[in-house]
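# Observations on the three-dimensional arrangement
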Amino acid sequence: MKPVLMFTLAGCPYCREALAWMDALRRAHPEYAAVPLTLVDEREQPDVANAYDYWYVPTFYVGADKLHEGAATPEIIERVFARALNA
């Protein structure tokens, strides 16, 4: 298992939506609740954000792999967590 790293921005509607889908996914599938999740607000932690290559939020990394960038769907969120769980 590897942790999920999610880059966000306060006030971003796509980030809020993705977080809601993650909460629902983790409630419906307890195995995903065990996957460590780190949230990085790029304005509050620019040193961390600048160390990664992305343009849009939300962006998801598992390990060194960028799995998704930009507006997400519930299916994309599940793929990110499945990849992290099986890594």
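What counts as what
Residues numbered from 1 in each chain as written. Predicted model: local features only at pLDDT ≥ 70, side-chain atom pairs only at ≥ 80, totals over all residues. Heavy atoms only, no water. Salt bridge = Lys/Arg side-chain N within 4 Å of Asp/Glu carboxyl O. Helix = DSSP H or I, 4+ residues; strand = E, 2+ residues; numbered from the N terminus. Buried < 20%, exposed > 50% of the residue type's maximum accessible area, 1.4 Å probe, protein only. Contact = heavy atoms within 4.5 Å. Polar contact = N/O pair within 3.5 Å; in protein donor to acceptor, adjacent residues only side chain to side chain. Core = buried A, V, L, I, M, F, W, Y, C linked by side-chain atoms within 4.5 Å.

Looking at an unreviewed UniProt entry, one finds the protein chain named Glutaredoxin and attributed to Candidatus Avichristensenella intestinipullorum.

## A short note on the pattern of salt bridges
Enumeration over the complete set of coordinates arrives at two salt bridges. For Arg83, the salt bridge is made with Asp65, and the minimal N-O distance between the two is 3.0 Å. Highlighted residues: Arg83 in helix α4 (residues 74-86) and Asp65 in strand β4 (residues 65-69), separated in sequence by 18 residues. With a relative accessible area of 41%, Arg83 lands in the partly exposed category. For the salt bridge of Lys66 with Glu69, the shortest nitrogen-to-oxygen distance reads 2.8 Å. With relative accessibility at 24%, the residue Glu69 sits in the partly exposed group.

## Notes on the environment of Tyr61
Of note, Tyr61 is situated in strand β3 (residues 59-62). Owing to a relative accessible area of 5%, Tyr61 belongs among the buried residues under this scheme. Once the C-alpha coordinates of Tyr61 and Ala33 are considered, the two residues, 28 residues apart in sequence, prove to be 17 Å apart. Residues contacting Tyr61, with those up to four places away along its chain left out, are Pro3, Val4, Leu5, Phe7, Tyr52, Asp53, Tyr54 and Lys66. A polar contact is formed between the side chain of Tyr61 and the backbone oxygen of Asp53, at a distance of 2.9 Å.

## Side note on the nonpolar core
Counting 16 residues, the largest nonpolar core has Val4, Met22, Phe60, Ile77, Val80 and Phe81 as its most contacted members. For this core, the secondary structure elements donating two or more residues are β1 (4-8), α1 (13-28), β3 and α4. Broken down by element, the residue count for this core peaks at six residues, all from α4. Setting aside its immediate chain neighbours within four residues, Ile77 contacts Ala18, Trp21, Met22, Leu25, Phe60 and Ala72. Among the nonpolar cores identified, the runner-up in size contains 10 residues, and Leu5, Cys12, Val40 and Tyr54 belong to it.

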